[in-house]
Amino acid sequence: MTSHQTAQTMKPATAAKKLGVYLEATPAAFQEGVVSRTELNELQANPPEWLVELRRTGPHPRPVVAAKLGISIAGLARGGVTDPLTTEQIDALKTENPEWLQKERATQAEVRKETVRIKEKNAEKQAKRDAR
């Protein structure tokens, strides 16, 4: 008996998320079809011009905007940013550096410090257990 494998596919929204692009800015053919795992791998390995351009100039989805600004997605919402932003808009925000962005960056830095502290504490506990 030979087993017949079917190609694993995903919705365009899932593929756009994995590619780090805003779905509504992708070509209609991408939005209306399904994307196989093989096609996704090909898009990641050899991105077409539309994908390169989208990644360069946007509009970018919230996770990408948050990462480029160095804050959390929740921080974006607290700052009133709910729509996708272009690279130009993100750069303008960085230049303007409003008070909310400064506050969110400080919050994010504290979260990172706390994460490192907890990780180190857990590593110490594990080392003590291993030494027994």
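Numbering of residues begins from 1 in every chain and follows the order in which that chain's sequence is written. Per-residue local features are limited, in this predicted model, to residues with pLDDT of at least 70; the limit for side-chain atom pairs, both in listing and counting, is 80 or more; totals at the level of whole chains, interfaces and linings are taken over all residues. To get the side-chain values, all heavy atoms of the structure are used, and hydrogens and water are removed first.

A. The arrangement of the overall build of the chain in detail. Of the regular secondary structure elements, the chain holds eight helices and two strands. What you see in the chain, going N to C, is helices and strands ordered as β-α-α-β-α-α-α-α-α-α. Over its C-alpha atoms the chain spans a radius of gyration of 20 Å, topping by over 25% the 14 Å that the globule rule assigns to 132 residues. The principal-axis extents of the C-alpha atoms in the chain amount to approximately 55 × 55 × 25 Å. Taken across its 132 residues, the chain has 25% of its residues classed as buried. The helix and strand labels rest on DSSP assignments: H or I over at least four residues marks a helix, E over at least two residues marks a strand, and numbering proceeds from the N terminus. The atom set for the radius of gyration is the C-alpha atoms, and the globule formula is 2.2 Å times the number of residues raised to the power 0.38. Note on exposure labels: buried denotes an accessible area under 20% of the residue type's maximum, exposed denotes more than 50%, and partly exposed covers the range between, all computed with a 1.4 Å probe on protein chains only.

B. Quick look at the environment of Lys11. Structurally, Lys11 is set in the loop between β1 (9-10) and α1 (12-19). In sequence terms Lys11 and Phe30 are 19 residues apart; their C-alpha atoms lie 9.7 Å from each other.

C. Expanded view of the nonpolar core. Counting residues in hydrophobic clusters, the biggest one holds 12 residues: Met10, Ala15, Ala16, Leu19, Val21, Leu23, Phe30, Val35, Leu40, Leu43, Leu51 and Leu54. Top contributing element to this core by residue count: α1, with three residues. Every residue pair with non-hydrogen atoms within 4.5 Å of one another is taken to be in contact. Once residues lying within four places of it in the same chain are set aside, the contact partners of Met10 are Ala15, Lys18, Val34, Val35, Arg37 and Leu40. Ranked by size, the runner-up nonpolar core spans 10 residues in total, among them Val65, Ala66, Leu85 and Leu93. In these notes, a set of buried Ala, Val, Leu, Ile, Met, Phe, Trp, Tyr and Cys residues joined through side-chain atoms within 4.5 Å is what counts as a nonpolar core.

D. Looking closely at a positive patch on the surface. Each patch is built from residues lacking any salt bridge and having more than 30% relative accessible area; the joining distance is 9 Å for like charges and 5 Å for nonpolar side chains (Val, Leu, Ile, Met, Phe, Trp, Tyr). Methods summary: accessible areas were calculated by the Shrake-Rupley approach with a probe of 1.4 Å, and residue burial reflects only the protein chains presented. Definition used for salt bridges: Asp or Glu carboxyl oxygen within 4 Å of a side-chain nitrogen of Lys or Arg. Here the positive residues are Lys and Arg and the negative ones are Asp and Glu; neither His nor the chain ends is included. By convention, charge coordinates are those of NZ in Lys, CZ in Arg, CG in Asp, or CD in Glu. A surface patch of like charges, here positive, comprises Lys121, Lys125, Lys128, Arg129 and Arg132. With respect to the secondary-structure elements, Lys128 resides in helix α8 (residues 99-131). Taking the relative accessible area as the measure of exposure, Lys128 reaches 58% and is therefore exposed.

E. Molecular detail of unusual backbone geometry. Cis geometry is found at the peptide bond from Gly58 to Pro59, where omega equals 10 degrees. Tracing the chain through its elements places Pro59 in the loop between α4 (49-57) and α5 (62-69). In this structure, Asn97 takes a positive phi of about 45 degrees despite not being glycine.

F. Inspection of the layout of surface pockets at higher detail. Approximately 210 Å³ is the volume attributed to the largest pocket. Cavities and pockets were defined on a 1 Å grid built from protein atoms only: a cavity is a group of points that admits a 1.4 Å probe but offers it no way out, a pocket is an open group of points flanked by protein on both sides within 12 Å along at least five of seven lines, and a lining residue is one with an atom within 4 Å of any such point. If you trace the largest pocket, you find it lined by Lys17, Gly20, Val21, Tyr22, Pro61, Arg62, Pro63, Val64, Thr82, Asp83 and Pro84. Ranked by residues supplied to the lining of the largest pocket, first place goes to α5 with three residues. Residue polarity follows a fixed list, in which Ala, Val, Leu, Ile, Met, Phe, Trp, Tyr, Cys and Pro are nonpolar, Asp, Glu, Lys and Arg are charged, and the others, Gly among them, are polar. Grouping the constituent residues of the lining of the largest pocket by class yields six nonpolar, two polar and three charged. Grid points are joined across faces, edges and corners, and a volume is the space filled by probe spheres set on the points.

G. Highlighting the environment of Ala66. Positionally, Ala66 belongs in helix α5. With 24 residues separating them in the primary sequence, Ala66 and Ile90 have C-alpha atoms 9.4 Å apart.

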